[in-house]
Amino acid sequence: MAEYLVSTQSHENALRVVPVSKETYTKYITEDVAEQYGFKGTYKQTFLLPQEQTLLVGVTHESQAKNADPFDTQNPYQLGAVVARTLGKGKVKTLEVTGVTEVLEEDEEQQREWLLRFLLGLHQAAWHYDAYLSEDKSPRKELAVSVGEVDRHLVTKEMSDKLYALNSGITLTRRIIDTPPEDMNPNSIQGEVYNELNDYSNVEIDIFSEEQLRNKGMNGILTVGRGSRWESTMIHATIKPRGEVKQKVCLVGKGITYDSGGLDIKYAGLMKGMKSDLGGAATMFGTTKALAELELEHTEIHWISPFVENMPSGSSYKSDDVIRTYSGQTVEIINTDAEGRIILSDALTYATLLDPDYIVDAATLTGSAMRSLTEYATGLMANDKELGMDAVRTFEEEKETTIYVPMLEVMRNSLKGTFSDIRSLAQDLNAGHMSAGLFLSHFVDQNLFRNEDLEIEEKKAYPWFHLDIAGSAMNEGKNDLMANGATGQSVRSLVEYIQKHDT
Ligand code: BES
Ligand code: MN
Ligand code: MN
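Residues numbered from 1 in each chain as written. Chains lettered and ligands numbered in written order. Predicted model: local features only at pLDDT ≥ 70, side-chain atom pairs only at ≥ 80, totals over all residues. Heavy atoms only, no water.

A. Molecular detail of the overall build of the protein. Of regular secondary structure, the protein possesses 15 helices and 19 strands. The C-alpha radius of gyration of the protein comes to 24 Å, within 12% of the 23 Å expected for a compact globule of 503 residues. If you line up the protein on its principal axes, its C-alpha atoms span 75 × 45 × 45 Å. In the protein, which comprises 503 residues, the share counted as buried stands at 59%. Taking as baseline every contact in the protein between residues at least 6 positions apart, the subset at least 24 positions apart corresponds to 76%. Between the averaged position of the 49 positive side-chain charges in the protein and that of its 77 negative side-chain charges there is a distance of 3 Å. (Helix = DSSP H or I, 4+ residues; strand = E, 2+ residues; numbered from the N terminus. Rg over C-alpha atoms; globule rule 2.2 N^0.38 Å. Buried < 20%, exposed > 50% of the residue type's maximum accessible area, 1.4 Å probe, protein only. Contact = heavy atoms within 4.5 Å. Lys, Arg positive; Asp, Glu negative; His and termini not counted. Charge placed at Lys NZ, Arg CZ, Asp CG, Glu CD.)

B. Region of interest: the pairing of strand β2 (residues 46-49). The side-chain alternation of β2 yields one buried face, formed by F47 and L49, and one unburied face, formed by T46 and L48. For β2 and strand β3 (residues 54-58), the ladder comprises four bridges, and the chain directions are antiparallel. When the bridges of β3 are listed, T46 appears paired with V57. Here β2 folds back onto β3, and the loop between the two strands holds four residues, one of which, Q53, carries a positive phi near 50°. (Pairing = 2+ DSSP bridges.)

C. How the structure looks around the sheet that holds strand β4 (residues 94-97). The strand order β2-β3-β1-β4-β5 describes an open sheet built from five strands, whose pairing is mixed. Each edge of the open sheet carries a strand with a single partner, namely β2 and β5 (144-147). Across this sheet, the average inter-strand angle for adjacent strands is 25°, counted without regard to direction. Each of β1 (15-20), β2, β3 and β4 touches helix α2 (residues 76-87); the most contacted strand, β3, lies at about 140° to it. Sitting on the sheet, helix α4 (residues 108-125) touches β1, β4 and β5, and the angle it makes with β5 is about 165°. (Axes fitted to C-alpha atoms, helices over the stretch in contact; angles between N-to-C directions.)

D. Layout of helix α13 (residues 385-398). If you check α13, its first and last C-alpha atoms are 20 Å apart, about what 14 residues at 1.5 Å a residue would give, namely 20 Å. When we look at burial in α13, the residues that qualify are L387, G388, A391, V392, T394, F395 and E398. Viewed along the axis of α13, the buried residues span an arc of 150°, placing them on a single side of the element. Facing away from the buried side of α13 by over 90 degrees, the exposed positions are K385, E386 and E397. In this structure, the buried residues of α13 make contact with α4, β13 (358-363), β14 (378-382), β15 (402-404), β17 (464-468) and α15 (491-500). Put simply, D384 is the residue that caps the front of α13, since its side-chain oxygen is 3.2 Å from the backbone nitrogen of E386. (Expected span 1.5 Å × (residues − 1). Arc of directions from axis to C-beta. Polar contact = N/O pair within 3.5 Å; in protein donor to acceptor, adjacent residues only side chain to side chain.)

E. Focus on the coordination of the manganese ion (ligand 2). Within the protein, the atoms that donate to the manganese ion (ligand 2) are D259 (OD), D337 (O), D337 (OD) and E339 (OE), at distances of 2.0 to 2.2 Å. Taken together, the six donor atoms surrounding the manganese ion (ligand 2) define angles of 71 to 167° at the centre, an arrangement classified as irregular. All donors to the manganese ion (ligand 2) come from one chain, and their sequence spacing reads D-x77-D-x1-E. In this structure, the manganese ion (ligand 2) lies 3.2 Å away from the manganese ion (ligand 3), the two metals sharing D259 as a donor. Of the two residues, D259 is situated in strand β9 (residues 255-259) and D337 in the loop between β12 (330-332) and α11 (340-352); the sequence distance between them amounts to 78 residues. By relative accessible area, D337 is classed as partly exposed at 22%. (Donors = N, O, S within 2.8 Å, 3.2 Å for Na, K, Ca; no water. Tetrahedral: all angles 85-135°; square planar, octahedral: opposite > 155°, others 65-115°.)

F. Summary view of the packing of α13 against α15. Two numbers describe how α13 lies on α15: the axes approach to 9 Å, and their chain directions differ by 120°. Classified by the angle their axes make, α13 and α15 are oblique. Crossing hand, α13 versus α15: right-handed. Contacts from L387, D390, A391, T394, F395, E397 and E398 of α13 reach α15 at R492, S493, L494, E496, Y497 and K500. (Parallel < 35°, antiparallel > 145°, perpendicular 65-115°, else oblique. Left-handed = near helix turned anticlockwise from the far one by under 90°.)

These figures capture arrangement, not role.
Rendered as structure tokens:
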């Protein structure tokens, strides 16, 4: 299967793709030609030599001024995407990447990592959601990529397996988000989960029906879904490791298949794009797929996602309603458009009952995250600074733009309710992403739970970090892949973080 992404056999008539630095490009073109066309081997520059069937790709990254941006560095994933973009809709479908070992002054393992990410970016940028296009628009299906002789030792089985795993996971995340909301609804998602995960012998799938959610008392999920013609559902998939379980990780994702806002309906312009509101769930779905493919040694993975549609109707939930969440904490609804945190409260509570080592959630939670951190960045918040900082370092290594946002405790008071334990929106409307994070933190600390039916013997507060991906889940071409639509951002880092700690 992995052969399809990278072959070690040369294809005839392949276009050679050669990464070059500002020191090495003169091996391929003269100073005069370089001067004439302004090619300097700098980051993301490309230069096509048709006679030699060669495409040079510049790798030298030089910041113009001193800066403190850890993401403004050479990113092989983005460079791979540049190649796909340069080829565009042309006829060239056969590529041979060569010269990685010559241009990178790093050790073999780092060169291998570089090549893996370069190929991943190339394949991802060549993928496009084209289910509804009369014309085939996804050139990846025909793309045949090989690696030149000098670099061939970099392509090990482990490397190409990982390339395949990440590529499958990221494509899945993007496809789930890009699919129109009428087709990706709380009912159809169940078939997707079976199709994508059921073939792995290490995966178990549980799907909760509305009736089962009712029996458990998951009123957060049920309440938000009341206005939809679809029955809400919650997915729980478990991946068993190969060996003895030494660690358990819960991955929780917000799965609002469409966010109209509910009775507090969004303006038309703001509603467009809200098919991406299952982005958190799709991110964890893709991560789960990649991890199932990779087969961890000692880490058991639990993916938990509610899938709910937020719609206005005569049976919709309303602001002023007070609901008793699965945790037993009561929440007054301030605005029906702040629905993500309500469904996540039940999913997080459920996650704590599995007694994991830590919990991660991803959610397109707040417009505030996008406004304050840009549409490139994910906001990472945590109830455990060590864990949060450790995780953000992996996002930096993977160059998936992510900003650590401390959740200021002074804001917590603002969530206190008058008619309920907590309000769904803070009284203080500043930094909505932070108060949303604080809201979620109430559902990973069992000391705050009030539902006796949960029969928790020893209450614990669970280490947790939260990814607000409202900005980064999807945008119009201004991302690493320069593609419109879902980005698949965060899957790489999550897989890497979990794999790194799989001991
Ligand atoms: N799903 C949205 C957040 C969002 C906004 C994601 C833009 C992606 C792009 C969320 O459910 C929402 O509606 N948030 C509101 C909260 C408000 C009612 C307090 C927001 O952030 O505007
Ligand atoms: Mn909303
Ligand atoms: Mn939403």
